Amino acid sequence: MSEPASGVTADSQAASLMTVLDLEQRGTDVYVGQTPRSPLQRIFGGQVAGQALMAATRTLPEGRAVHSLHSYFLRPGDPHEEIRYSVDRIRDGRSFTTRRVVARQRRNGEDVAIFSLTADASAPQPSVAEHARPMPDVPAPEGLPTLAELVAPYGEHASAALAISRAVEQRLMEDPFARAPKVPPHTKTYAWMRVAGRLPEDASVHAAALTFVSDLTLLSAGLARLGGGWGGRYVGASLDHAVWFHQPVRADQWFLYETDSPAASAGRALCFGEIWAVDGTHVATVAQQGLIRSLER
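Numbering of residues begins from 1 in every chain and follows the order in which that chain's sequence is written. For this predicted model, a pLDDT threshold of at least 70 governs which residues receive local features, and a threshold of 80 or more governs which side-chain atom pairs are given and counted, while totals over whole chains, interfaces and linings are taken from all residues. Derived side-chain values reflect all non-hydrogen atoms in the structure, with water molecules and hydrogen atoms excluded from consideration.

**Observations concerning the overall build of the chain**
And step 1. Looking only at helices and strands, the chain features six helices and 13 strands.
And step 2. The globule rule used here is 2.2 Å times the number of residues to the 0.38 power, and the radius of gyration it is set against is calculated over C-alpha atoms. Taken against the 2.2 N^0.38 rule, which gives 19 Å for 297 residues, the C-alpha radius of gyration of the chain at 19 Å falls within 12% of a compact globule.
And step 3. Taking the principal axes of its C-alpha atoms as reference, the chain extends roughly 55 × 50 × 45 Å.
And step 4. Across the 297 residues that make up the chain, the buried fraction comes to 49%.
And step 5. A contact between two residues is defined here by any heavy atoms of the two lying within 4.5 Å. Partitioning the contacts of the chain with sequence separation of at least 6, the portion at a separation of at least 24 is 70%.
And step 6. Positive charges are assigned to Lys and Arg, negative charges to Asp and Glu, while His and the chain termini are left out of the count. To locate a charge, take atom NZ for lysine, CZ for arginine, CG for aspartate or CD for glutamate. Taking the average place of the 29 positive charges on the side chains of the chain and the average place of its 32 negative ones, the gap between the two points comes to 6 Å. By definition, any uninterrupted DSSP run of H or I lasting at least four residues is a helix, any uninterrupted run of E lasting at least two residues is a strand, and each is numbered from the N terminus. Only protein chains enter the accessibility calculation, which uses a 1.4 Å probe. A residue is then buried if its area is under 20% of the maximum for its type, exposed if over 50%, and partly exposed in between.

**Some points on helix α1 (residues 13-21)**
And step 1. Taking burial as the measure, the nine residues of α1 include seven buried ones, the bulk of the element.
And step 2. If you check which residues of α1 are buried, you get A14, A15, L17, M18, T19, V20 and L21.
And step 3. Where the residues of α1 are buried, they touch α2 (45-57), β8 (189-195) and α5 (203-214).

**Some thoughts on the pattern of salt bridges**
Think of it this way: side chains of opposite charge can pair up when their charged atoms draw near.
And step 1. For this document, the term salt bridge refers to a Lys or Arg side-chain nitrogen within 4 Å of an Asp or Glu carboxyl oxygen. The tally for this structure, following the rule as stated, stands at 18 salt bridges.
And step 2. Across the pair R106 and D111 runs a salt bridge, and its minimum N-O distance is 3.5 Å.
And step 3. Overall, the relative accessible area of 38% leaves R106 in the partly exposed class.
And step 4. In this structure, the salt-bridge partner of K188 is D260, at a minimum N-O distance of 4.0 Å. Of the two residues, K188 sits in the loop between β7 (168-172) and β8 while D260 sits in strand β11 (residues 255-265), which places them 72 residues apart along the sequence.
And step 5. The buried category is assigned to D260, whose relative accessible area is 15%.
And step 6. When salt bridges that share partners are traced, they join E24, R26, E82, R84, R106 and D111 into one network.

**Comments concerning α5**
And step 1. Each residue after the first adds 1.5 Å to the expected span of a helix. Its 12 residues place the ends of α5 16 Å apart at the C-alpha level, agreeing with the 16 Å of an ideal helix rising 1.5 Å per residue.
And step 2. By the burial criterion, the buried members of α5 are S204, V205, H206, A207, A208, A209, L210, T211, F212, V213 and S214.

Given below as structure tokens:
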């Protein structure tokens, strides 16, 4: 595993995230990512998405930043196997650059694709239209309990959630394990999040970190109308994930994450997320479709 990128203190939780995002180059446009030790049986999807975005940004021309990504989860990732990211330089235009990334692992002696991502980047563009959703009026993060405090009564049932998010501080506004079914018009869920510690002054790192964090609670929006929360009678799996970056973001400072699910059918739930910096700037929009299954069969 490569060393943490410069600018991160060795004892910070941000350093543990940087060991995930700081990929090792193995050849031309080929990068390798590692998975931290975890009790989980499959790799957290946000990790693969964040690493794939980092691989894509390593090949971008200077002065271009990713403004959107679209990805698909093809197979569960094995946390005991390294992940190889191959970057295809699809386009290098005068204003826009497009990269396709395929993540692969060894399975039964052969390489199989577990994830694919397409990212688009651009040079700074003149702004013609400027508008954004205002940030909702919600309690500040400092007055809310930590995730560990909130889920302490659930003991081992909360271990997986704590393991996934150990590098991310979360301030939820309701108990994630004891949720009544949400009904219109009150179907949204809110959480404050930030990477614990300080990340390097690199916009691509913050975009990848935000992508990592954006997968933590998004699919829960698809379960919200069923009720029961994280410990309920249903299980979900991400099928795809998309992020649009509207403004530069610092993932190591508090940002508000609003999630909701406008539609669900055929065992799939469509989930949307909106992200605001603590100063009220609308920095990103996220979308994901997830598989929802009942545990009672």
